[in-house]
Structure formats: structure tokens, C-alpha cells
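If you want the building blocks of each chain, they are given just below.
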Amino acid sequence: LAAETQNLRVVVVPNINAGAASLAYALINPVIGLGTFLAQYIAREPLARAFTHVYDITGTWLTPIVTEASLNAPKPADATPATP
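The structure presented is a predicted model; accordingly, all values stated were derived computationally and were not measured.

**Details of the pairing of strand β2 (residues 53–60)**
Working note: regular strand, side chains alternate between the two faces of the sheet. By the bridge criterion, eight bridges tie strand β1 (residues 5–12) to β2 in an arrangement that is antiparallel. Within β2, the position partnered with Leu 8 by the bridge is Ile 57. Both β2 and strand β3 (residues 64–69) contribute to a ladder of six bridges, which runs antiparallel. Bridge pairing in β3 places Tyr 55 opposite Glu 68. Between β2 and β3, which follow one another and run antiparallel, lie three residues.

Structural data, given as C-alpha cells:
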């Protein structure tokens, strides 16, 4: 904190949820409404993984360096631990 630097890994995971809209549409057309609800329920996890982004944020607070990383990439090197 004293040096005002950072070494972060940020994972952005989208929340994909159209369940309520699909069930509401089921009142109008039950086949399409339930079909879209089931498709969304089955595809939610793969879509969330596909649209997940990972960022490494390093540098100072005033001039951060943001780089996109792979989900399986190792974390950036840990900063030297602060002495108490």
C-alpha cells in the first residue's frame, strides 16, 4: 500500500439468465417458452465459460497496466511480501 502498486488477477464471469423471460413467454406459447428455457438452462455453463475474461492488472495506482490473460495462464509473479 505504501508504494501504491498492485498485482491483481481479475476474472469477469457473465451471469447469463433468461429463465424468467422464457417462462413468461411460456404463458403465450408454452412450446417455445419451455423450449427456450431448457435451451438456456443447458447452454448457460458453456456460454459463461466462453464469455469469461481474465485480466492481469499490475503497475501503480495512477498508471495501471491491464493485460488480458488466458484462464489457464499462471498468475503474474507475486510481489515481494511486505515486512511487518
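Here the narrative resumes, following the displayed structure.
**Points about a nonpolar patch on the surface**
Taken together, the side chains of Tyr 25, Leu 27, Ile 28 and Ile 32 make up a nonpolar region of the molecular surface, amounting to roughly 470 Å² of accessible area. Mapped onto the secondary structure, Ile 32 falls in helix α2 (residues 30–50).

**Concerning unusual backbone geometry**
Despite not being glycine, Glu 4 shows a phi value in the positive range, around 50°. Here Glu 4 is to be found in the segment before β1.

**Brief notes about the confidence of the model for the protein**
Low pLDDT marks stretches whose predicted atomic positions should not be read closely. Residues at a pLDDT of 70 or more form 80% of the protein, whose mean pLDDT is 79. The secondary structure element of the protein with the lowest average pLDDT is helix α1 (residues 19–26), at 69, and the one with the highest is β2, at 93. The model gives residues 79–84 a pLDDT under 50, and that stretch makes one contact with residues more than four places away or in other chains.

**Here we look at the sheet that holds β3**
Strand order in the open sheet made by the three strands is β1-β2-β3, with antiparallel pairing throughout. On the outer flanks of this sheet lie β1 and β3, each paired with one strand and no other. Strand-to-strand twist across the sheet, computed as the mean angle between neighbouring axes with direction ignored, equals 15°.

**Here's the deal with the environment of Leu 1**
For Leu 1, the position within the fold is in the segment before β1. Overall, the relative accessible area of 85% leaves Leu 1 in the exposed class. Residues Leu 1 and Trp 61, 60 residues apart in the sequence, show an inter-C-alpha distance of 9.8 Å.

Cut-offs used in this document
- Residues numbered from 1 in each chain as written.
- Predicted model: local features only at pLDDT ≥ 70, side-chain atom pairs only at ≥ 80, totals over all residues.
- Heavy atoms only, no water.
- Pairing = 2+ DSSP bridges.
- Helix = DSSP H or I, 4+ residues; strand = E, 2+ residues; numbered from the N terminus.
- Patch = residues over 30% accessible without salt bridge, like charges linked within 9 Å, V, L, I, M, F, W, Y side chains within 5 Å.
- Areas by Shrake-Rupley, 256 points an atom, 1.4 Å probe, with all protein chains shown as cover.
- Salt bridge = Lys/Arg side-chain N within 4 Å of Asp/Glu carboxyl O.
- pLDDT = per-residue confidence, 0-100.
- Contact = heavy atoms within 4.5 Å.
- Axes fitted to C-alpha atoms, helices over the stretch in contact; angles between N-to-C directions.
- Buried < 20%, exposed > 50% of the residue type's maximum accessible area, 1.4 Å probe, protein only.

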